[in-house]
Structure formats: structure tokens, C-alpha cells
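# Architecture at a glance
If you want the building blocks of each chain, they are given just below.
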Amino acid sequence: MTLLDGKVTSQTIKDNIAGELQKYLSEGRRKPHLVAILVGNDGASQTYVASKQKNSQAIGFDSTVYNYDETITEEFLLDKINQINNDEAIDGLIVQLPLPKHISESKVTQAIKPEKDVDGFHDVNMGKLAKGDEDGFIPATPYGIVKILEAYDIQTSGKHCVVVGRSNIVGRPMSILMSANSKYGNCTVTLCHSRTANIEDFTKKADILIVALGKPEFITGDMIKPGAVVIDVGISRVEDPSKKSGFALKGDVHFESASEVSSAITPVPGGVGLMTIAGLLLNTFKSYKQYYLKQN
Ligand code: NAP
């Protein structure tokens with residue numbers, strides 16, 4: 001069994017970006033700049049944003065985080081987004097989800113200029129993804145997953161890929177990517193969700209199983225085809241008094257039983273989460289090259 005190591009793979013991607021960036025900086029160009037907006041004080045969201053900022057800065061990007069109180073109005077947030085959209089010194093903007101209930105996530109994601117939408121949630125980028133137009137931004141998690149398959153040279157063409165979960169940020173774009181006519185696509189894809197009857201009938205037929213449903217350890221070894229490649233996207237905080245923090249991070253796959261049957265598997269933590277950050281950094285660098293470098 002091969003452990004698909006997100007730590008090593010994301011580090012290689014970050015080193016490559018940092019190396020290429022040095023060349024542009026030595027030519028007198030400015031640094032890429034990623035801005036994150038965080039509303040409220042949800043612990044998990046704070047951790048994700050801090051990690052995105054730390055990783056951005058580590059490879060030589062500028063990174064700004066605006067952390068607003070959860071009582072801000074939707075109008076205030078949309079104004080701020082508009083201001084950032086018009087700032088030519090900013091390449092990427094992400095708004096950490098979820099947002100407080102009184103703010104429309106749909107309005108907010110659609111307010112971000114598609115050229116700066118490095119999370120890839122804007123309809124324009126979703127449309128480009130569906131059409132296979134490489135100008136757009138692929139949502140960071142599916143992008144990171146494609147990159148880890150690529151790094152381990154996992155063959156996808158002609159394989160049966162089963163994706164569990166159809167969210168707009170993970171499952172649905174993932175299913176589109178795996179079915180695309182591209183080197184790390186060309187799978188026959190089955191997309192499962194909460195209304196799928198007898199889900200194990202599908203998971204057991206997967207050569208590549210990608211799981212993103214948000215239910216800790218839902219997929220067990222007996223639901224997996226021997227030799228399958230398993231990608232675990234889930235991250236849930238589960239109470240664990242033995243940990244200093246009081247919780248442990250669990251994936252959607254029961255790692256112990258799944259690793260006995262699979263040929264390759266991502267761990268949690270240390271798998272897809274780190275690749276998501278790599279995907280975000282790749283998108284920000286792409287925006288910098290596609291829009292700033294080409295015009296300056
Ligand atoms: P989400 O928006 O809640 O979507 C969950 C999906 O799973 C839905 O499509 C839902 O079906 C489906 N589902 C729920 N229960 C199911 C069941 N019993 N059987 C089959 N399908 C079921 O979640 P998400 O945003 O995609 O996130 C999924 C997980 O990935 C979470 O643990 C999240 O924390 C994690 N995540 C990790 C990263 C990372 O960087 N590693 C990034 C994003 C998300 P319906 O559509 O029918 O409701």
C-alpha cells in the first residue's frame with residue numbers, strides 16, 4: 001500500500017513555485033498577493049485561514065487577512081470585495097466559508113472578480129471547468145487532488161472513479177475533472193450522494209474512490225474494491241479527551257481497514273488538506289502570471 005503523502009507532495013509544489021518566483025522578483029516584478037477575508041471567529045475557519053497565510057508567506061507571496069466581526073453587513077462585505085477587485089496589486093481573493101446566516105454566500109462568491117477568484121467558486125470559473133477551458137481556476141481541493149494523483153503517477157484513463165458527495169466545492173467539480181478528456185481524467189465517473197441507494201454497490205466497483213461527505217469514518221474497508229486508490233477529503237473534529245486540544249481530526253474513510261485493501265490512500269491529516277493549500281497557491285500564482293506578468 002502506498003501512502004499518498006500530501007505533506008511531501010505539497011512541499012514539492014511550494015518549492016517549485018518559490019523557485020520560479022525568484023526569477024520574476026529578480027527582474028524587479030512585485031510579489032504575488034493573496035487576500036483572505038474571514039468573518040466571525042469560528043475556530044476551524046481561523047485555523048484554515050492562518051495556514052493559508054503562513055504557507056503563502058513561506059513561498060514569498062504577500063498575504064493579507066481581513067478578519068471582521070460576525071455582525072458586519074452583507075453590504076459592507078460586498079463593498080470590501082469590490083475594493084479588492086479593483087486593486088491591481090492583488091492577484092487572489094478568498095472569502096472563507098461558511099459565512100454568518102445573514103450574509104448570502106452565493107452573492108459573496110459571485111461578487112469576486114473571476115480573474116481573482118482563486119478558490120474557483122465563481123460561476124464563470126465553474127463554467128470554464130465544465131467546458132475544459134484551462135483559462136479558469138479549478139476549485140482548490142479538486143485541483144490539489146488531481147496534483148497528488150499526478151505526483152504519484154496514478155493512471156486514471158479508462159478507470160472507474162466513484163465520487164461520494166456532490167457539493168459545489170468538492171464532489172461536483174471533482175466528478176467533472178475525473179471525466180474530462182485530460183491526462184489525469186478520462187475516467188468513467190459515478191457520483192454518489194445522500195439519496196444514492198446501496199452506496200456500497202458503487203464504492204465496491206471503484207478503481208479510484210474519492211470521498212467527500214463530511215461523515216467521519218463512513219467508508220470502511222469492506223466497502224472498497226481490493227487494490228483501489230482511495231482519496232479521503234473529509235476533515236471532521238471528533239471529541240478525543242486524550243488530545244490536548246480535546247479533539248482529533250478524522251477523515252470520511254476508516255483508515256485502518258481501508259489501508260488493508262487499497263493500493264494507495266491519503267491520510268487525514270497529512271493528505272488532501274495540505275494539497276488544497278497547494279491548489280490555492282497554484283491558482284494565485286497562475287493569476288499573477290496570467291494577469292499581472294503579462295501586462296507588466
Ligand atoms: P457538504 O457541502 O456538506 O456536502 C456533502 C455531500 O455529501 C453532499 O453532496 C451530500 O449529499 C453527501 N452526503 C451526505 N451524507 C451522505 C451519505 N450518508 N451518503 C452519501 N452521500 C452523503 O460537504 P463538503 O463541503 O463537500 O465537504 C465534505 C467533507 O470534506 C467535510 O468533512 C469537509 O470538512 C471536508 N473538506 C475538506 C477539505 C480539505 O481541504 N481537505 C476541503 C473542503 C471540504 P446531498 O447533496 O444529497 O446532501
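Residues numbered from 1 in each chain as written. Predicted model: local features only at pLDDT ≥ 70, side-chain atom pairs only at ≥ 80, totals over all residues. Heavy atoms only, no water.

### Details of the domain arrangement of the protein
For the protein, the assigned domains read domain 1 (27-113) and domain 2 (140-273). Distance between the C-alpha centres of domain 1 and domain 2: 28 Å. (Domains from an automatic or database assignment.)

### A word on helix α2 (residues 43-58)
Spanning 16 residues, α2 covers 22 Å between terminal C-alpha atoms, matching the ideal 22 Å at 1.5 Å per step. Buried within α2 we find S45, V49, K52, N55 and S56. Angular distribution of buried residues about the axis of α2 spans 130 degrees; they occupy a single face of the element. Facing away from the buried side of α2 by over 90 degrees, the exposed positions are K54 and A58. At its buried positions, α2 is contacted by α1 (6-26), β2 (33-39), β3 (62-68), β4 (92-95) and α10 (272-295). (Helix = DSSP H or I, 4+ residues; strand = E, 2+ residues; numbered from the N terminus. Expected span 1.5 Å × (residues − 1). Buried < 20%, exposed > 50% of the residue type's maximum accessible area, 1.4 Å probe, protein only. Arc of directions from axis to C-beta. Contact = heavy atoms within 4.5 Å.)

### Looking at the layout of surface pockets
Considering only enclosed or pocket space, the second largest pocket measures out at about 540 Å³ in volume. Lining the second largest pocket are 24 residues, with L129, E134, I138, L177 and S182 positioned closest to its centre. Those elements that provide at least two residues to the lining of the second largest pocket are α5 (123-131), α6 (140-151), α7 (171-179) and α10. Ranked by residue count, the leading element in the lining of the second largest pocket is α5, at 5 residues. (1 Å grid on protein atoms, 1.4 Å probe; cavity = no way out; pocket = protein on both sides within 12 Å on 5 of 7 lines; lining within 4 Å. Points joined across faces, edges and corners; volume = space filled by probe spheres on them.)

### Observations concerning the sheet that holds β3
Overall, parallel pairing links the 3 strands, which are arranged β3-β2-β4 in an open sheet. Each end of this open sheet is capped by a strand with a single partner; those strands are β3 and β4. Across this sheet, the average inter-strand angle for adjacent strands is 15 degrees, counted without regard to direction. Lying over the sheet, α2 contacts β2, β3 and β4, oriented at roughly 160 degrees with respect to β3. Seen against the sheet, helix α3 (residues 74-85) touches β2, β3 and β4 and runs at an angle of roughly 180 degrees to β2. (Pairing = 2+ DSSP bridges. Axes fitted to C-alpha atoms, helices over the stretch in contact; angles between N-to-C directions.)

### Re the packing of α1 against α6
Where α1 contacts α6, the axes come no closer than 10 Å and their chain directions differ by 95 degrees. The angle between the axes of α1 and α6 places the two elements in the roughly perpendicular class. Two secondary-structure elements touch here, α1 through G6, T9 and I13 and α6 through K147, I148 and A151. A class-by-class count of the residues in the contact of α1 with α6 yields 3 nonpolar, 2 polar and 1 charged. (Parallel < 35°, antiparallel > 145°, perpendicular 65-115°, else oblique. Nonpolar A, V, L, I, M, F, W, Y, C, P; charged D, E, K, R; others polar.)

### So, the side chain of T141
Within the fold, T141 resides in helix α6. On the accessibility criterion, T141 (13% relative accessible area) is buried. Discounting residues that sit within four places of it in the chain, T141 has contacts with V170, V233, V272 and T276.

### So, the site of the ligand
Taken together, 20 residues lie around the ligand, and R166, S167, S194, V233 and T276 are the ones closest in. At 3.1 Å, a side-chain N or O of K215 approaches a nitrogen atom of the ligand. Summarising the interface, the protein chains cover 71% of the accessible area of the ligand, which totals 920 Å² for the free molecule. Among the elements that take part in the shell around the ligand, α10 stands out by supplying 3 residues, more than any other. In terms of residue class, the shell around the ligand is made up of 9 nonpolar, 9 polar and 2 charged. (Near = heavy atom within 4 Å. Polar contact = N/O pair within 3.5 Å; in protein donor to acceptor, adjacent residues only side chain to side chain. Areas by Shrake-Rupley, 256 points an atom, 1.4 Å probe, with all protein chains shown as cover.)

### Observations concerning the pattern of salt bridges
Tallied over the full model, the rule gives 7 salt bridges. The salt bridge involving E74 is made with K107; its shortest N-O contact spans 3.0 Å. Highlighted residues: E74 in helix α3 and K107 in helix α4 (residues 105-111), separated in sequence by 33 residues. When its relative accessible area of 17% is taken as the criterion, E74 is described as buried. Overall, the relative accessible area of 47% leaves K107 in the partly exposed class. (Salt bridge = Lys/Arg side-chain N within 4 Å of Asp/Glu carboxyl O.)

### Details of α10
With 24 residues, α10 should cover 34 Å at 1.5 Å per step; its first-to-last C-alpha distance of 34 Å lies within 8% of that length. At K289, α10 shows its strongest bend, of approximately 30 degrees. Judged by how many residues are buried, α10 sits mostly within the fold: 17 of 24 residues are covered. (Bend = angle between axes of the 7 residues up to and from the residue.)

### Points about the packing of aromatic side chains
Two measures describe an aromatic ring pair: the distance that separates the ring centres and the angle between the ring planes. Tallied over the full model, the rule gives 7 aromatic pairs. Relative to F76, the ring of Y68 has its centre 5.0 Å away and its plane inclined at 85 degrees; by these criteria the two rings are edge-to-face. Taking relative accessible area as the criterion, F76 reaches 38% and is therefore assigned partly exposed. Every member of this aromatic cluster is reached through a ring pair, and the members are Y24, F61, F285, Y288 and Y292. (Phe/Tyr/Trp six-rings, centres within 6.5 Å; stacked < 30°, edge-to-face > 60°.)

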